[in-house]
Amino acid sequence: MLGGVIFIALSNLFAIYPAQVTRFTIDYLNDAVWLHQQAENTSLQNNLTTQFYKAFFLFFLIIIITTLIKGIFMFFMRQTIIVMSRHIEYDLKNDIYKHYQILPLSFYKKNHTGDLMARISEDVSQVRMYIGPAIMYTINLVMLFIMVISVMWYVNSYLTILVLIPLPFLSLGIYYISNIINKRSTKLQKQLSHLSTVAQGSFAGIRVIKSFNREEQNSRYFLSSSLKFKSLSYQLMRMDVMFGPIITLLIGASTIITIFIGGKLYINGTISLGNIAEFVLYVNMLTWPVTSIGWVSSIIQKAAVSQKRINEFLQIRSPIISGKKLINDNEKLSIRFENVSFTYPESGIKALNKVSFEVAPESSLGITGKTGSGKTTIALLLMRLYDPDEGSIYINETNIKEFDLTSLRQAIGYVPQDVFLFSESIYKNIVFGLDEHEKEGLAHVYEVSKTAEVYDNIIQFKEGFDTLIGERGVTLSGGQKQRISIARALIKNPQVLLLDDCLSAVDTQTESKIIQNFKTRLAHKLTIYISHRINTIQHAEQIIVLGNGAISEKGTHDELIALKGDYFQQHQSQLMAPESVH
Ligand SMILES: Nc1ncnc2c1ncn2[C@@H]1O[C@H](COP(=O)(O)OP(=O)(O)OP(=O)(O)O)[C@@H](O)[C@H]1O
Ligand SMILES: [Mg+2]
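Residues numbered from 1 in each chain as written. Chains lettered and ligands numbered in written order. Predicted model: local features only at pLDDT ≥ 70, side-chain atom pairs only at ≥ 80, totals over all residues. Heavy atoms only, no water.

**Q** Sorry if this is basic, but what is going on with the overall build of the chain here?
**A** When its secondary structure is counted, the chain shows 19 helices and 10 strands. For 582 residues, the compact-globule estimate of 2.2 N^0.38 gives 25 Å, and the C-alpha radius of gyration of the chain, at 38 Å, exceeds that figure by more than 25%. Overall, the C-alpha framework of the chain stretches about 130 × 50 × 50 Å when taken along its three principal axes. Taken over 582 residues, the chain has a buried fraction of 45%. (Helix = DSSP H or I, 4+ residues; strand = E, 2+ residues; numbered from the N terminus. Rg over C-alpha atoms; globule rule 2.2 N^0.38 Å. Buried < 20%, exposed > 50% of the residue type's maximum accessible area, 1.4 Å probe, protein only.)

Next up, the structure:
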């Protein structure tokens, strides 16, 4: 920044020299012509001509060289200040992104993805425009004004004042127009992002659109959005085209004043002919900085709004605070929920109501219940993606709030209900949860894929584990995705396995194979199965049935069947149509 300020001063200094040399040249020319005429018909005349040409060539060289030097300093001015602003932009972006990663799930529920994106990209670049160009032009303006106006004042104060009169109007006019332009371009931006949301939605939902024959309607909707975009662009354009003429008009006014008043002063003998030329150049030098006042002030306004929006997010603190205790890799874990209640703050839905249960080390728990009864919520609370409103959760009789968050989550292998895989290779998706040094090669990956019964599927793809999935790769079936998601949880070798409805899209035969694998290979782990399907959970050593967020029944499979309650009913209906329960 400091370097930049010095370069601004130097480049302005070298911008003034050419104007002064121009003045000198014109005055010299004036005298030279007069002298030349005096020497008419003498031998001196030829001699003078050569001298004049030499002098002109010298002046010409000086102008070129000083202008070049000015250009070099301008280059360094941009190199320092604009590059500095890019560095700050880079840091700011990374800070925001890092902060995003820490923020809790509830934050992501409250804010749109578009908004998150906008703050990290558009808002940051508004702030950068302030730190870089806006500061640069402001300093430039101040320096140039001081330098140029003092030189002008030295030549003639009266002419200086007159010539400067149109400039404030220029600045005001630009400010006014750029404000209007800003408003219109914000509107245009909004419409553009709407347009891309519409397009994005229709690409993502193309299967549904085609199967419901909605292509026509969809195109019409896009058309109407893009018509609106067009009319907004016209409005913006109408303002944009005013810019040039206004600037030209006001500079023209200054130039006319310079020549008219300057001409009179020349006739009076107050100033020289060269001074008029010099003034015209000075006025031109001042024009762009004056124009930039309006532009810079609108940048500053926008940057202020953007920084405020960025700060809003940066100041949010995650309510989920990490403890200090670590969980040892080989420790056997038990889990206890004690009167746990939880209400989703966004919807006000009480998802859990005084839930208590206990799971001993190396044993298994099945959780079942109607849809929306709070099963997934139990999983989220155990991983501290949310904290309970009331009651506590213990691991080995220590409140989970006392554990280091990373260590806690490391101990749990979670297979979420809504499978999410990244648009990467299958291999990368499976080793996702491992640190770089833990990736031991393929043997381990093969082993977990076999446990998850997905190995045979994967090797059937032409590129095996290197097969890309997602947008540009193969589309996996629901069941394949679920099993890759299981492999991803297993490879971490967690002490607790948390399987949230992860077999819902797998046929019953494969399901029993997977469960058999779990029983034989993962018997020493604490396993929690969540499912509607009795098949999935019936072998668990203990089963709880949730109804409206509270535990309605508890026991082993046989005990619950004997109870002839909800569990029994569910079992009966699933026996009759085992495949329809998805
Ligand atoms: N992020 C959320 N914000 C607000 N409410 C939520 C949120 N997630 C779940 N809920 C509500 O909390 C209740 C319990 O949801 P939960 O996902 O735990 O049910 P579930 O038993 O897993 O259901 P399913 O069997 O359909 O998966 C539901 O009424 C649901 O609408
Ligand atoms: Mg669920």
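Now that the structure is up, let's keep going.
**Q** Looking at this model, I keep getting lost on the site of ligand 1. Mind explaining?
**A** Around ligand 1, 17 residues are found, and the nearest of them are Thr-371, Lys-375, Thr-376, Thr-377 and Gln-417. Residue Lys-375 places a side-chain N or O atom 2.7 Å away from an oxygen atom belonging to ligand 1. Take Gln-417: an N or O atom from its side chain is 2.6 Å from an oxygen atom of ligand 1. For ligand 1, the accessible surface in isolation is 630 Å², of which the surrounding protein chains cover 75%. Among the elements that line the shell around ligand 1, the one with the most residues is helix 10 (residues 375-382), at 3 residues. Classifying every residue of the shell around ligand 1 by side-chain character gives 4 nonpolar, 9 polar and 4 charged. (Near = heavy atom within 4 Å. Polar contact = N/O pair within 3.5 Å; in protein donor to acceptor, adjacent residues only side chain to side chain. Areas by Shrake-Rupley, 256 points an atom, 1.4 Å probe, with all protein chains shown as cover. Nonpolar A, V, L, I, M, F, W, Y, C, P; charged D, E, K, R; others polar.)

**Q** What's the story with a nonpolar patch on the surface in this structure? I'm lost.
**A** A cluster of nonpolar side chains, contributed by Phe-57, Phe-60, Leu-61, Ile-64, Ile-65 and Leu-68, occupies part of the molecular surface with about 590 Å² of accessible area. Relative to the elements of secondary structure, Leu-61 occurs in helix 2 (residues 44-102). (Patch = residues over 30% accessible without salt bridge, like charges linked within 9 Å, V, L, I, M, F, W, Y side chains within 5 Å. Salt bridge = Lys/Arg side-chain N within 4 Å of Asp/Glu carboxyl O.)

**Q** Any chance you could explain the coordination of the magnesium ion (ligand 2) here in plain terms?
**A** Tetrahedral coordination by four donors sets the ideal angle at the metal to 109.5 degrees; octahedral coordination by six donors sets it to 90 or 180 degrees. At the metal site, the magnesium ion (ligand 2) is ligated by Thr-376 (OG1) and Gln-417 (OE1), and these contacts range over 1.9 to 2.2 Å. In this pair, Thr-376 is assigned in helix 10 and Gln-417 in the loop between strand 6 (412-415) and helix 12 (426-430), connecting sequence segments 41 residues apart. (Donors = N, O, S within 2.8 Å, 3.2 Å for Na, K, Ca; no water.)

**Q** Please explain helix 13 (residues 442-451) as it appears in this structure.
**A** Structurally, the α-helix is built with 3.6 residues per turn, so residues lying three or four positions apart point the same way. Along helix 13, the positions that sit buried rather than exposed are Val-445, Val-448, Ser-449 and Thr-451. Along the long axis of helix 13, the arc covered by the buried residues comes to 160°, so they all point the same way. Glu-453 lies just past helix 13 and shows a positive phi near 60°. (Arc of directions from axis to C-beta.)

**Q** How should I be thinking about the packing of helix 5 (residues 157-164) against helix 9 (residues 273-314) in this particular structure?
**A** If you want to describe how two helices pack, look at the angle between their axes and the distance between the axes. Packing of helix 5 against helix 9 leaves a shortest axis separation of 11 Å and a crossing angle of 40°. Taken together, the axes of helix 5 and helix 9 lie oblique to each other. As helix 5 packs across helix 9, the resulting crossing turns out to be right-handed. Counting all contacts with helix 5, which are made through Leu-159, Thr-160, Val-163 and Leu-164, the residues of helix 9 involved are Phe-279, Val-283 and Leu-286. Split into classes, the residues belonging to the contact of helix 5 with helix 9 amount to 6 nonpolar, 1 polar and no charged. (Axes fitted to C-alpha atoms, helices over the stretch in contact; angles between N-to-C directions. Parallel < 35°, antiparallel > 145°, perpendicular 65-115°, else oblique. Left-handed = near helix turned anticlockwise from the far one by under 90°. Contact = heavy atoms within 4.5 Å.)

**Q** Could you clarify how one ought to interpret the environment of Phe-461 in this entry?
**A** Mapping Phe-461 onto the fold places it in the loop between helix 14 (455-460) and helix 15 (478-490). Measuring from C-alpha to C-alpha, the distance between Phe-461 and Ile-256 comes to 78 Å, with 205 residues separating the pair along the chain. Discounting residues that sit within four places of it in the chain, Phe-461 has contacts with Ile-426, Thr-467, Leu-476 and Gln-480.

**Q** It is not clear to me how the sheet that holds strand 5 (residues 398-399) should be interpreted in this structure. Could you clarify?
**A** Sheet strands pair via backbone hydrogen bonds, and the direction of the pair is either parallel or antiparallel. On the basis of which strands lie adjacent, the open sheet formed by 4 strands has the order 2-1-4-5 and antiparallel pairing. Strand pairing shows two members of the sheet lacking a second neighbour, strand 2 (350-359) and strand 5, which therefore form its edges. Direction of pairing for strand 1 (residues 335-343) relative to strand 4 (residues 390-395): antiparallel, over a ladder of 5 bridges. When the sheet's bridge partners are listed, Ile-335 is paired in strand 4 with Ile-395. (Pairing = 2+ DSSP bridges.)

**Q** How do you make sense of the domain arrangement of the chain when you look at a structure like this?
**A** One widely used convention gives an interface's size as the accessible area the parts lose upon coming together. Looking at the assigned domains, one finds that the chain contains domain 1 (2-40 + 48-314) and domain 2 (335-580). If you look at the interface, domain 1 gives 4 residues, while domain 2 gives 4 residues. Here domain 1 and domain 2 share an interface that buries about 390 Å² over both sides, 71% of which is from carbon and sulfur atoms. Connecting domain 1 to domain 2 are 0 salt bridges. The interface formed by domain 1 and domain 2 holds 0 residue pairs in polar contact (both at pLDDT 80 or more) in total. (Domains from an automatic or database assignment. Buried area = accessible area lost by both parts, 1.4 Å probe.)

**Q** Sorry if this is basic, but what is going on with the pattern of salt bridges here?
**A** For side chains of opposite charge, pairing can occur when their charged atoms come near one another. If you walk through the whole model with that rule in mind, you get 15 salt bridges. A single network of salt bridges, built from pairs that share partners, joins Asp-115, Arg-119, Asp-123, Arg-309 and Glu-312.

**Q** I'm lost on unusual backbone geometry in this one. Help?
**A** Among all residues save glycine, negative phi is the norm, and among peptide bonds the norm is trans. Positive phi values are uncommon outside glycine, yet Lys-354 reaches one of about 50°. Within the secondary structure layout, Lys-354 lies in strand 2. With phi around 50°, Asn-396 is a residue other than glycine that occupies positive phi space. Mapped onto the elements, Asn-396 comes out in the loop between strand 4 and strand 5. Residue classification places Asn-396 among the partly exposed positions, given a relative accessible area of 25%.

**Q** Teacher, can you tell me more about the environment of Tyr-266 here?
**A** Position of Tyr-266 among the secondary structure elements: in helix 8 (residues 215-268). We classify Tyr-266 as partly exposed; its relative accessible area is 33%. Residues Tyr-266 and Ile-276, spaced 10 residues apart in sequence, show a C-alpha to C-alpha distance of 8.3 Å. Setting aside chain neighbours within four positions, we find Tyr-266 in contact with Asn-30, Ile-271, Ser-272, Leu-273 and Ile-276.

**Q** Any chance you could explain the nonpolar core here in plain terms?
**A** Side chains that are nonpolar tend, in soluble globular proteins, to be buried together. Counting residues in hydrophobic clusters, the biggest one holds 40 residues, and the most contacted among them are Ile-430, Ile-486, Phe-518 and Tyr-567. If you tally residues by element for this core, the top one is helix 15, at 5 residues. When residues no more than four places from it in sequence are discounted, the contact partners of Ile-430 are Val-445, Val-448, Ser-449, Ile-458, Phe-465, Ile-484, Ala-487, Arg-488 and Ile-491. Membership of the second largest hydrophobic core comes to 35 residues, among which are Phe-337, Ile-400, Ile-412 and Val-496. (Core = buried A, V, L, I, M, F, W, Y, C linked by side-chain atoms within 4.5 Å.)

**Q** I'm lost on the packing of helix 2 against helix 4 (residues 113-155) in this one. Help?
**A** Running from N to C, helix 2 and helix 4 cross one another at 155°; their axes reach a closest spacing of 9 Å. When the interaxial angle is binned, helix 2 and helix 4 end up roughly antiparallel. As helix 2 runs across helix 4, the sense of the crossing is right-handed. Residues belonging to the contact of helix 2 with helix 4 are distributed by class as follows: 17 nonpolar, 4 polar and 6 charged.

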